[in-house]
Amino acid sequence: MPPPPGLCARLSPGIRRVLAPNPSPMTLHGTNSYLIGTGDVALIDPGPNLSAHGDALLAALDKGERISHILVTHSHIDHSPLAAPMAQALGVQVYAYGPTSAGRSPQMQALADTGLIAGGEGIDADFTPDVWLADGETLAHGDWSLTAIHTPGHLSNHLCFALQEAGGDVLLSGDHVMGWASSLVSPPDGDMGAYMASTRKLAASDWSIIHSGHGAPITDPATRLAFLIQHREAREAAILRELAHGPTTIAALTTTLYTDTPPALHPAAARNVLAHLLDLAAQNRVTAHPGLGPAATYTLR
Ligand SMILES: [Zn+2]
């Protein structure tokens, strides 16, 4: 059963979660917003610009508490749009890696400049943080301390946040690591090569638990991270097997490889296939005719 939106769930002494009322095939029950610490509290991912959700976040505070910092994992419309209005109303600042295109690889920026790889699903185009956090930078205030980990892949400006608790290191993973689904990787904002590198970087640390942007906590982080890496490696291997039969298209690959995926999610699956093919092209393992893009024919080198 999904938790009711608007109710505050205390996950540990220093972590509260409030579900936003925006369920959809892409967001599961809705976006998880997190309140970190006590007293002066950090808000991670305010969520969609819904006044009811802003009210629920303020109602989750205890008497005498306030939101002192607003942090954003990435600028998708289900995570960041409420950040600016809340920050303005509360007189606080918004902290994130940068605007949407920040952190793009040169390859993805070049593809974006051609206009051939139009993505843009769910992008909060107006998002600009007040303070830009670098990879490894720690933000500490009151009784909490959060370290930013740049994890491009789902979105180039995606940050995860590490929080030290008595039981071990906690990861606030946004949409990069989720328990209910693998992440959408849709170029040029998403980047499969970057996604794999970011996931391997996270897997190198020992996390006690992961709290993600959608769905329930991940209580066995090492197993989940290993699965996500293996899942993408298997998908890449399956694409290469299909290409070994001869040139093919993204539409044909999606139909063949995503037989277990509901049709409503096939457009998102096709973006994942495109992400794999761009990564393989960057590795000089496939060619595209007439050029890289969603409608091209792909051939094994
Ligand atoms: Zn997202």
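Quick caveat, the model's predicted, so the values are computed rather than measured.

### Details of the domain arrangement of the chain
Now for step 1: Entries for the chain in the domain assignment read domain 1 (8-230) and domain 2 (232-300).
Now for step 2: Here the C-alpha centroids of domain 1 and domain 2 sit 28 Å apart.
Now for step 3: On the side of domain 2, 16 residues touch domain 1, which itself brings 24 residues to the contact.
Now for step 4: Buried surface at the junction of domain 1 and domain 2, summed over both partners, amounts to about 1,600 Å²; 59% is from carbon and sulfur atoms.
Now for step 5: Viewed at the interface, domain 2 and domain 1 are joined by 1 salt bridge.

### Re the sheet that holds strand S12 (residues 209-212)
Now for step 1: Across the sheet, 5 strands lie side by side as S8-S9-S10-S11-S12; this open sheet has mixed pairing. Each edge of the open sheet carries a strand with a single partner, namely strand S8 (138-141) and S12. Across the sheet, the mean angle from the axis of one strand to that of its neighbour is 25°, orientation sign disregarded.
Now for step 2: Relative to strand S9 (residues 144-150), S8 runs antiparallel, the two sharing 4 bridges. Opposite Ala140, over in S9, you have Ser145 as the bridge partner.
Now for step 3: Sheet strands touched by helix H4 (residues 192-203): S9, strand S10 (159-165) and strand S11 (168-174). Its angle to S9, the strand with the most contacts, is close to 140°.

### Examining the packing of helix H5 (residues 221-244) against helix H7 (residues 266-282)
Now for step 1: At their nearest, the axes of H5 and H7 sit 11 Å apart, and the two run at 75° to each other. Considering the angle they form, H5 stands roughly perpendicular to H7. Together, Arg232, Arg235, Glu236, Ile239, Leu240 and Leu243 of H5 and Asn272, Val273, His276, Leu277, Asp279 and Leu280 of H7 make up the contact between the two elements.
Now for step 2: A per-class count over the contact of H5 with H7 returns 6 nonpolar, 2 polar and 4 charged.

### Observations regarding H5
Now for step 1: Counted at 1.5 Å a residue, the expected span for H5 with its 24 residues is 34 Å, and the 35 Å between its end C-alpha atoms agrees.
Now for step 2: Positive backbone phi, at 140°, marks Gly246, one or two positions downstream of H5.

### Considerations on the pairing of strand S2 (residues 15-19)
The side chains of a regular strand alternate between both faces of the sheet.
Now for step 1: Counting buried residues along S2, 5 of its 5 residues qualify, which places the element largely inside the surrounding structure.
Now for step 2: Residues of S2 alternate between two faces, with Ile15, Arg17 and Leu19 on one and Arg16 and Val18 on the opposite face, all of them buried.
Now for step 3: Bridging between strand S1 (residues 8-12) and S2 involves 4 bridges; their strand directions are antiparallel. Residue pairing across strands places Ser12 opposite Ile15, the latter belonging to S2.
Now for step 4: Hairpin geometry of S1 and S2 is characterised by an intervening segment of 2 residues between the two adjacent antiparallel strands.
Now for step 5: By the bridge criterion, 5 bridges tie S2 to strand S3 (residues 32-36) in an arrangement that is antiparallel. Paired with Arg17 across the bridge in S3 is Tyr34.

### As for the sheet that holds S3
Now for step 1: The strand order across the open sheet built from 7 strands is S1-S2-S3-S4-S5-S6-S7, with neighbouring strands paired in mixed fashion. Pairing within the sheet leaves two strands with one partner each, and these edge strands are S1 and strand S7 (131-132).
Now for step 2: Relative to strand S4 (residues 40-44), S3 is paired through 3 bridges, and the arrangement is antiparallel. By the bridge assignment, Leu35 is partnered in S4 with Leu43.
Now for step 3: Along the sheet, helix H1 (residues 51-59) contacts S2, S3, S4 and strand S5 (66-71); its crossing angle with S2, the most-contacted strand, is approximately 155°.
Now for step 4: Against the sheet, helix H2 (residues 83-90) contacts S4, S5 and strand S6 (93-96), and its axis sits at roughly 145° relative to S5.

Cut-off values and rules
- Residues numbered from 1 in each chain as written.
- Predicted model: local features only at pLDDT ≥ 70, side-chain atom pairs only at ≥ 80, totals over all residues.
- Heavy atoms only, no water.
- Domains from an automatic or database assignment.
- Contact = heavy atoms within 4.5 Å.
- Buried area = accessible area lost by both parts, 1.4 Å probe.
- Salt bridge = Lys/Arg side-chain N within 4 Å of Asp/Glu carboxyl O.
- Pairing = 2+ DSSP bridges.
- Helix = DSSP H or I, 4+ residues; strand = E, 2+ residues; numbered from the N terminus.
- Axes fitted to C-alpha atoms, helices over the stretch in contact; angles between N-to-C directions.
- Parallel < 35°, antiparallel > 145°, perpendicular 65-115°, else oblique.
- Nonpolar A, V, L, I, M, F, W, Y, C, P; charged D, E, K, R; others polar.
- Expected span 1.5 Å × (residues − 1).
- Buried < 20%, exposed > 50% of the residue type's maximum accessible area, 1.4 Å probe, protein only.

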